[in-house]
Amino acid sequence: MERRVPRVALGGDGYTISALIVGGWQLSDGHRAAAVDEAALLRDLAAAARAGWTTLDCADIYTGVEELFGRFRATHGASLREDGVELQVHTKYVPDLDELSSLTSESVERVVDRSLRRLRVDRLDLVQFAWWDYGIPGYVEVAGWLDDLRAAGKIRHLGVTNFDAPRVREILDAGVPLVANQVQYSLLDRRPEHAMVALARERGLGLLCYGALAGGFLSSKYLGRPAPAEPLANRSLVKYRLVVDEAGGWERYQELLATLDAVAERHGRTASAVALRWLLARPTVAAAMVGTFHGEHFAANLDALSLVLAERDGKEIETAIGRLDDLEGDVFGLERVADGPHSRIMWKNLSAERR
Ligand SMILES: NC(=O)c1ccc[n+]([C@@H]2O[C@H](COP(=O)([O-])OP(=O)(O)OC[C@H]3O[C@@H](n4cnc5c(N)ncnc54)[C@H](OP(=O)(O)O)[C@@H]3O)[C@@H](O)[C@H]2O)c1
């Protein structure tokens, strides 16, 4: 693979990431039914890194993935470094809902130390902090404890995930130097545009975007097809099937897909490449995450980066988006509605269950 993934600066200290990030959720136990061929996957990840796709995303709660990325460093890190390729591994700190009111600086440090051990590094490149329930006080204090660990050298940069604009502002105003917010952002879900993009621009944050391909729904494999029957094949499809419904349902989503497919065909690319290209051109978007548990799509997704959308393409895409419903509220607002459809499918006490 030719090396051609743009680098994006985060945090102003010379730290750079690749504009595409390998998503690790798909590699966690419990995400999908299919087994992972680890040796083949690690070879594919190394090839992707040599092509410039050097940044990976995982989480303390993605069971087995920090360990897997640690093994990736151990098996391929030295030869990648010899070729001048440095990996960046982003993890998350996602405390269980049931423990939010009893966290201490010690319990936070224990989780960070565990991530360091699992990833086999002396310092975590980026820790993205999550908080399931704003009604439980403490997120600013916990962010401050993470900042102490940053100052102590255990973390290079701090970010958040799924925090809305007022809370990101609150954490920044408390003096915690966040560099990124990991949010859902795609042709189907443009909630970041309601408030987060403006805040990110004002405060110099980069958006690291998941759902970029809506778990695969933003690809032509679903074009002209009926909605897949339940049970769906993996957790991403369960999540983004709800997003398709929020955006107006299967028929209107099909119209968007048809537009993406037509644009893609004019350029000899895939509908997914068009979806990624659209996202990467949005203001304040630092990177798009793409999940994987095999290397099949790496080349096609790298191809998105050299796609140049013409004015006509942009207009057609905007018209198709305009026919969809705009999801309500700030980022992750619908997901926080107690007993709502999005909240019901989420596992909020994974650490305890997998301890
Ligand atoms: N912070 C959070 O709350 C949060 C939530 C979700 C995800 N994430 C992060 O974001 C990452 C991305 O996950 P996601 O759930 O949003 O899924 P996604 O990246 O939108 O979709 C991944 C799926 O898209 C399909 N795909 C990828 N490239 C394709 C291509 N070129 N053509 C056709 N299909 C393609 C693959 O499906 P097949 O393999 O079936 O073909 C793959 O499993 C995760 O791994 C995780 O790191 C974070």
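Residues numbered from 1 in each chain as written. Predicted model: local features only at pLDDT ≥ 70, side-chain atom pairs only at ≥ 80, totals over all residues. Heavy atoms only, no water.

Here we look at the environment of threonine 161
With respect to the secondary-structure elements, threonine 161 resides in strand S7 (residues 155–161). Separated by 67 residues in the primary sequence, threonine 161 and valine 94 place their C-alpha atoms 9.1 Å from one another. The residues touching threonine 161, leaving out its near neighbours within four places in the chain, are Lys92, Gln128, Phe129, Ala130, Asn181 and Gln182. (Helix = DSSP H or I, 4+ residues; strand = E, 2+ residues; numbered from the N terminus. Contact = heavy atoms within 4.5 Å.)

Details of the site of the ligand
Taken together, 28 residues form the shell around the ligand, and within it Gln26, Asp57, Lys221, Ser236 and Tyr240 come nearest. Serine 236 is positioned such that a nitrogen or oxygen atom in its side chain is 2.6 Å from an oxygen atom of the ligand. Contact between the ligand and asparagine 301: a nitrogen atom at 2.8 Å from a side-chain N or O atom of the residue. Contact with the protein chains hides 90% of the accessible area of the ligand, taken as 910 Å² for the molecule alone. Of all the elements in the fold, those that place two or more residues in the shell around the ligand are helix H7 (235–246) and strand S10 (285–291). In terms of residue count, S10 provides more of the shell around the ligand than any other element does, three residues in total. (Near = heavy atom within 4 Å. Polar contact = N/O pair within 3.5 Å; in protein donor to acceptor, adjacent residues only side chain to side chain. Areas by Shrake-Rupley, 256 points an atom, 1.4 Å probe, with all protein chains shown as cover.)

Points about the sheet that holds strand S9 (residues 206–210)
The strand order S3-S4-S5-S6-S7-S8-S9-S10 describes a closed barrel built from eight strands, whose pairing is parallel. Adjacent strand axes in the sheet meet at a mean angle of 30°, parallel and antiparallel pairs treated alike. Its contacts with the sheet put helix H3 (residues 105–119) on strand S5 (88–93), strand S6 (124–129) and S7, and the angle it makes with S5 is roughly 150°. Contacting S7 and strand S8 (178–184), helix H5 (residues 165–173) runs over the sheet at an angle of about 165° to S8. (Pairing = 2+ DSSP bridges. Axes fitted to C-alpha atoms, helices over the stretch in contact; angles between N-to-C directions.)

Digging into the side chain of glutamine 128
Looking at where glutamine 128 falls in the secondary structure, it is placed in strand S6. A polar side-chain atom of glutamine 128 sits 2.6 Å from a polar atom in the side chain of glutamine 182. Once residues within four sequence positions are removed from consideration, glutamine 128 is found in contact with Asp57, His90, Thr91, Lys92, Tyr93, Gly159, Val160, Thr161, Gln182 and Leu208.

So, the nonpolar core
Of all hydrophobic cores here, the largest spans 129 residues; its most connected members are Phe69, Phe129, Trp131 and Leu188. A total of eight residues in this core trace back to one element, the largest contributor, which is helix H9 (residues 271–280). Other than its neighbours up to four places away in sequence, leucine 188 contacts Ala214, Leu218, Val243, Val244, Ala247, Tyr253, Leu256, Leu324 and Leu327. (Core = buried A, V, L, I, M, F, W, Y, C linked by side-chain atoms within 4.5 Å. Buried < 20%, exposed > 50% of the residue type's maximum accessible area, 1.4 Å probe, protein only.)

Examining the pattern of salt bridges
The full count for this structure, using the stated rule, is 22 salt bridges. Here arginine 191 and aspartate 189 are joined by a salt bridge, their closest N and O atoms 2.8 Å apart. Under the relative-accessibility criterion, arginine 191 is labelled buried at 2%. Judged by its relative accessible area of 0%, aspartate 189 falls in the buried class. Between glutamate 316 and arginine 266 there is a salt bridge, with its nearest N and O atoms 3.0 Å apart. Of this pair, glutamate 316 sits in helix H11 (residues 311–322) while arginine 266 sits in helix H8 (residues 250–267), and the two are 50 residues apart along the sequence. (Salt bridge = Lys/Arg side-chain N within 4 Å of Asp/Glu carboxyl O.)

Keep in mind that these numbers describe shape and distance, not what the molecule does.
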